[in-house]
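Residue-level structure breakdown
Letter by letter, the chains look like this.
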Amino acid sequence: MTKIAIEDLIQLLGMVGIIGSLIFVGLEMRQSQRIAMAGQQMERTAITTNGFTAFNEAGLDWHSVAFLNRPEQADQYPRGIAAGRNNFHQTLFVYENDYFQFAQGLMPEEVWQAKLEGLTFFYNQCNYRDIMTLRKSFFPLGLIEVIDALPDECSEQ
């Protein structure tokens, strides 16, 4: 058996330390990137949801403008119905953001489970199912799979 010189052992330990440090820095950079992406997603959601305020104050239907490209129909709904439709869209933006946060590992499982309860409630607001169906086509595949797995009380009607 050969003896390892103390200098060689120190060099080996130094190299292992450097490699460990590089791995740690890489993991920290990856986590920082996920946090930054989540922050950007949250900011986009905030900007979008803040835009609903103007529509609600004017009593206009955001869906008619944004999805149907028919701004002339934005005032066809009574104020309360337009506000309800706007609220439904706004809530879906929030749940899309919540899903992103959860998928990035930035939301605890128990919080996500509570969010799923709320999403189930909104999913089963049958008078807005047409909005849900349209909006699902813009969601990430993972969120679509989550929604498709929810109990569907509207199909029973």
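None of these values were measured; they are calculated from a predicted model.

So, how was this worked out
Numbering of residues begins from 1 in every chain and follows the order in which that chain's sequence is written. The predicted origin of the model limits local features to residues at a pLDDT of at least 70 and limits the giving and counting of side-chain atom pairs to 80 or more, whereas totals for whole chains, interfaces and linings rest on all residues. Note that the side-chain values use all heavy atoms of the structure and ignore hydrogens as well as water. The helix and strand labels rest on DSSP assignments: H or I over at least four residues marks a helix, E over at least two residues marks a strand, and numbering proceeds from the N terminus. We call a pair of cysteine sulfur atoms a disulfide when they lie within 2.5 Å. To estimate the expected span of a helix, count its residues, drop one, and scale the result by 1.5 Å. For each residue, the accessible area found with a 1.4 Å probe, counting protein chains only, is set against the maximum for its type, and the residue is called buried under 20%, exposed over 50%, and partly exposed in between. By definition in these notes, contact holds between two residues if any of their heavy atoms fall within 4.5 Å. Take the buried residues of types Ala, Val, Leu, Ile, Met, Phe, Trp, Tyr and Cys, join any two whose side-chain atoms come within 4.5 Å, and each joined set is a nonpolar core. Here, axes are lines fitted to C-alpha atoms. For helices the fit covers the stretch in contact, and angles between N-to-C directions go from 0 to 180 degrees. An angle below 35 degrees is treated as roughly parallel, one above 145 as roughly antiparallel, one from 65 to 115 as roughly perpendicular, and anything else as oblique. Residues were grouped as follows: Ala, Val, Leu, Ile, Met, Phe, Trp, Tyr, Cys and Pro as nonpolar; Asp, Glu, Lys and Arg as charged; and all remaining residues, including Gly, as polar. Side-chain rings of Phe, Tyr and Trp, where Trp is taken by its six-membered ring, are said to pair if the distance between their centres is within 6.5 Å; with planes under 30 degrees apart they count as stacked, over 60 as edge-to-face, and otherwise as tilted. Charge-over-ring contacts are defined here by two conditions on Lys NZ or Arg CZ: a distance within 6 Å of the ring centre and an angle within 35 degrees of the ring normal. We define a salt bridge as a side-chain nitrogen of Lys or Arg found within 4 Å of a carboxyl oxygen belonging to Asp or Glu.

Now for unusual backbone geometry. The backbone of N69 sits at a positive phi, close to 55°, despite the residue not being glycine. Residue placement: N69 occurs in the loop between α2 (62-66) and α3 (79-103).

What the rule picks out here adds up to one disulfide. Paired by a disulfide, C126 and C154 hold their sulfur atoms 2.1 Å apart. Here C126 and C154 share a disulfide; its torsion about the S-S bond, -100°, makes the bridge left-handed. Of this pair, C126 sits in the loop between α4 (109-123) and α5 (129-136) while C154 sits in the segment after α6 (141-148), placing them 28 residues apart in sequence.

On to helix α1 (residues 6-58), then. The first and last C-alpha atoms of α1 sit 79 Å apart over 53 residues, in line with the 78 Å expected at 1.5 Å per residue. Every buried residue belonging to α1 is among A38, Q41, T45, T49, F52 and F55, and all of these are buried. On the buried face of α1, the contacting elements are α2 and α3. Of the residues one or two after α1, G59 is the one with positive phi, at around 70°.

As a further point, take the nonpolar core. The biggest cluster of nonpolar side chains holds 18 residues, and the ones touching the most others in it are F88, L92, L119, M132, F139, L143 and I147. Per-element accounting of this core gives the leading share, five residues, to α4. In this structure L143 touches E96, Y99 and L119, once residues within four positions along its chain are discounted.

With that settled, the discussion passes to the packing of α1 against α3. Relative orientation of the contacting elements α1 and α3 amounts to 175°, with a least axis distance of 10 Å. Put simply, α1 runs roughly antiparallel to α3. For the pair α1 and α3, the contacting residues are M37, A38, Q41, M42, T45, T48, T49, F52, F55, N56, E57 and A58 in the first and R79, A82, A83, N86, H89, Q90, F93, V94, N97, F100 and Q101 in the second. Residues of the contact of α1 with α3, tallied by class, amount to 11 nonpolar, 10 polar and two charged.

Turning to the packing of aromatic side chains, a few remarks are in order. A full pass over the atoms with the stated rule returns 11 aromatic pairs. One aromatic cluster is present, built from ring pairs that chain together F52, W62, F67, F93 and F138. Across from the ring centre of Y123, 3.8 Å away, lies the NZ or CZ of R129, which sits over that ring. Across from the ring centre of F93, 4.0 Å away, lies the NZ or CZ of R135, which sits over that ring.

This brings us to the pattern of salt bridges. Per the counting criterion, the structure on display carries four salt bridges. Among the salt bridges present, the one from D61 reaches R85, with a minimum N-O distance of 2.9 Å. Linking D61 in the loop between α1 and α2 with R85 in helix α3, this pair joins segments that are 24 residues apart in sequence. Note on R85: relative accessible area 7%, which makes it buried. Measuring nitrogen to oxygen at the nearest pair gives 3.1 Å for the salt bridge that ties R129 to D152. Remark: D152 occurs in the segment after α6 and R129 occurs in helix α5; sequence separation between them is 23 residues.

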